[in-house]
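Report on the structure
What follows is each chain in one-letter form.
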Amino acid sequence: MHKRILVVNGPNLNLLGTRRPELYGSDTLADVERVATEAASELGFATRCVQSNSEGALVDAIHAAREDCDAVVINAGAYTHTSIAIRDALEGVALPYAEVHVTNVYAREPFRHHSYLSANASVVLAGAGIQGYDLAVRRLAAVVAG
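Residues numbered from 1 in each chain as written. Predicted model: local features only at pLDDT ≥ 70, side-chain atom pairs only at ≥ 80, totals over all residues. Heavy atoms only, no water.

1. Topic: the nonpolar core
Under the convention used in this document: The criterion is simple. A nonpolar core is a set of buried Ala, Val, Leu, Ile, Met, Phe, Trp, Tyr and Cys residues joined through side-chain atoms within 4.5 Å. A simple rule labels every residue: compare its accessible area, found with a 1.4 Å probe on the protein chains alone, to the largest value its type can have, and call it buried under 20%, exposed over 50%, or partly exposed in between. In DSSP terms, a helix is any run of H or I states spanning at least four residues, a strand is any run of E spanning at least two, and both are numbered starting from the N terminus. Only heavy atoms enter the contact rule, under which two residues are in contact if any of them lie within 4.5 Å.
In this structure, I5, V7, V32, V73, Y133, A136 and V137 are the most contacted members of the largest nonpolar core, which totals 25 residues. When contributions to this core are tallied by element, the ones reaching two or more residues are β1 (4-9), α2 (29-42), β3 (71-75), β4 (97-101), β5 (123-126) and α5 (131-145). Element by element, the count of residues in this core is highest for α2, at 6 residues. Residues contacting Y133, with those up to four places away along its chain left out, are V7, N9, V32, V35, A36, V73, N75, V100 and V102. One finds L6, V50, I62 and C69 within the second-largest nonpolar core, a separate group that totals 21 residues.

The structure is reproduced here in structure tokens:
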């Protein structure tokens, strides 16, 4: 058994803490990765954290997860609303995944209300800030455990 969760963060999430702090808060990407890794460790899982602004790099990271991960936590950022490629990658690796959004996307612009990822996700978390990553890891650990 792998006992590893891939944590994927998409475009602009490297700017957490400085980009629109009134909306996204002051927590950084390093804080996100720490929260996810601490929750995973508590449950006996390791994490691999990946952030990219490139759609192809995110697809490649998801494909690689098939080899050594049990589940995926993904905040695809704006690609949530546009990327069939990321949806297909998640479907192709057939790992349970959690879709996470720091903000409540349903309280924002209408174009953010549609997700290409939600329909196949084990859990969708929106608006819980970076605590959403902790909750996602805990839910996926339960899913993996059966």
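Next comes the rest of the description.
2. Regarding the sheet that holds β4
Rules: Pairing between two strands requires that DSSP report at least two bridges joining them. The axes are straight lines fitted to the C-alpha atoms, using for helices just the contacting stretch, and the angles between their N-to-C directions are given from 0 to 180°.
Strand order in the open sheet formed by 5 strands is β2-β1-β3-β4-β5, and the pairing between neighbours is parallel. Two strands lie at the open edges of the sheet, namely β2 (46-51) and β5, each paired on one side alone. Across the sheet, the mean angle separating the axes of adjacent strands is 15 degrees when strand polarity is ignored. In the sheet, β1 pairs with β2 via 6 bridges, with the strands oriented parallel. Within β2, the position partnered with N9 by the bridge is Q51. α5 contacts β1, β3, β4 and β5 of the sheet and is inclined by roughly 155 degrees relative to β3.

3. Here we look at the packing of aromatic side chains
For clarity, the threshold we go by: Here the aromatic set is Phe, Tyr and Trp, taking the six-membered ring for Trp, and pairing holds for ring centres within 6.5 Å; pairs whose planes are under 30 degrees apart are stacked, those over 60 apart are edge-to-face, and all others are tilted. Whether a charge sits over a ring comes down to the Lys NZ or Arg CZ being within 6 Å of the ring centre and within 35 degrees of the ring normal.
In total, this model carries 0 aromatic pairs according to the counting rule given. In this structure, K3 packs its charged tip against the face of F45, placed 4.2 Å from the ring centre.

4. Things to note about the environment of H113
We apply this condition: Any N or O atom pair separated by 3.5 Å or less is treated as a polar contact, with the protein-specific requirement of one donor-capable and one acceptor-capable atom, and with residues adjacent in sequence counted only for side-chain atom pairs.
Turning to its location among the elements, H113 is positioned in the loop between β4 and β5. Judged by its relative accessible area of 35%, H113 falls in the partly exposed class. Each C-alpha atom, one on H113 and one on N9, is 19 Å from the other, the two residues being 104 residues apart in sequence. Residues within four places of H113 in sequence aside, it is in contact with V105, Y106, A107 and R108. A polar contact of 3.3 Å, which involves the side chain of H113, links it to the backbone oxygen of Y106.

5. Quick notes on the pattern of salt bridges
Applied cut-off: Only one rule defines a salt bridge in this text: a Lys or Arg side-chain nitrogen within 4 Å of an Asp or Glu carboxyl oxygen.
Evaluation of the coordinates by the stated rule reveals 6 salt bridges. Here R34 ties to E38 by a salt bridge, and the two come within 3.7 Å at their closest N and O atoms. Taken together, the positions of R34 and E38, both in helix α2 and 4 residues apart, correspond to about one turn of that helix. Classification of E38 by relative accessible area gives partly exposed; the value is 47%. One salt bridge in this structure joins D68 and R48, with 2.8 Å as the shortest N-O distance. Placement of the pair is D68 in helix α3 (residues 55-68) and R48 in strand β2, with a sequence separation of 20 residues.

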